[in-house]
Amino acid sequence: MSRTIVIGDVHGCYEELMLLLKKLSFSDEDEVICVGDLIDRGPNPRAVVEFFMQHDNAHSLLGNHEDKHIRIHSGELTPALSQKICIEELGDFWHTAVAYFQRLPLWLERKGFHIVHAGILPFLRPNNQPRNVLLRGRMPWMASHYDKSHGGWWKYYNGSPVVYGHVFHREVHIENNTFGIDTGACHGGHLTAFVLDNRQMVQVRSAEDYWRIQRDQYRKKRRGAQQQSL
């Protein structure tokens, strides 16, 4: 029987993605859906994007990191460090990737679950949700998507089951019919899959804290360039 497999924020961790799909015995009969944030911070964003572009049974939502690249491409936003590094890594493929990002949905429904990148309001249908709720989890009553003094939006949720990413939980976070599956793949944590059919969680450990490595390499490269210019 075919399965629907939802995967947390990949952030360029292609090797972990392949290991996770192998562990799941992923086949052409299954559907895999990423909650978004395919790119930035990890070592191989191009391979991750190409995988989802090239496989008919692989889909991704629009994450806030893809949205940033769309806005950078249009001149609306100045790239932060993770986008600068990713744009360099993607090279000319960046334009192709951005065109793909522009076609990604903000939400999907599968087997009784809402699948979103960051958050959802329980009293609205997904197609009526504010964009910043779906993309960044910014709720009307909260100053940000994650307010440590009051807890996340999931503490107040009381609707249909939701699978989401965006907020890095060290362990899968299950609360009030919500399933947070961003477990920090790019930070040396885990890449997590949630099989909707049986509510099974499957994980692989990341080989490195990729984002720390990328930051250190970028800063070292800049220091070297500055010294050469003196």
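Every value quoted in this text rests on a predicted model; they were computed, and no experiment measured them.

The final tally for this structure, using the stated rule, is eleven salt bridges. For the salt bridge of K221 with E88, the shortest nitrogen-to-oxygen distance reads 3.6 Å. You can see K221 sitting in helix α7 (residues 210-229) and its partner E88 sitting in helix α4 (residues 81-90), a full 133 residues away along the chain. Salt bridges linked by common partners bring D67, R131 and R136 together as one network.

So, about the pairing of strand β1 (residues 4-7). The side chains of a regular strand alternate, residue by residue, between the two faces of the sheet. Judged by which residues are buried, β1 turns out to be covered on both faces: T4 and V6 on one side and I5 and I7 on the other are all buried. Taken together, the four bridges between β1 and strand β2 (residues 31-34) define a ladder with parallel strand orientation. Counterpart to T4 in the pairing with β2 is E31. Handedness of the β-α-β unit built from β1, helix α1 (residues 14-23) and β2 comes out right-handed.

As a rule of thumb, nonpolar side chains are buried together in soluble globular proteins. One finds I7, L17, V32, F52 and F101 to be the most contacted residues of the largest nonpolar core, which totals 39 residues. Looking at this core, the element that brings in the most residues is helix α5 (residues 93-101), giving six residues. Every residue in contact with V32, bar those within four places of it in the chain, is listed here: I5, I7, L21, F26, F51, F52, N57, A58 and H59.

Reading the values: rules and limits
Residues numbered from 1 in each chain as written. Predicted model: local features only at pLDDT ≥ 70, side-chain atom pairs only at ≥ 80, totals over all residues. Heavy atoms only, no water. Salt bridge = Lys/Arg side-chain N within 4 Å of Asp/Glu carboxyl O. Helix = DSSP H or I, 4+ residues; strand = E, 2+ residues; numbered from the N terminus. Buried < 20%, exposed > 50% of the residue type's maximum accessible area, 1.4 Å probe, protein only. Pairing = 2+ DSSP bridges. Right-handed = clockwise from strand over helix to strand, strands pointing away. Core = buried A, V, L, I, M, F, W, Y, C linked by side-chain atoms within 4.5 Å. Contact = heavy atoms within 4.5 Å.

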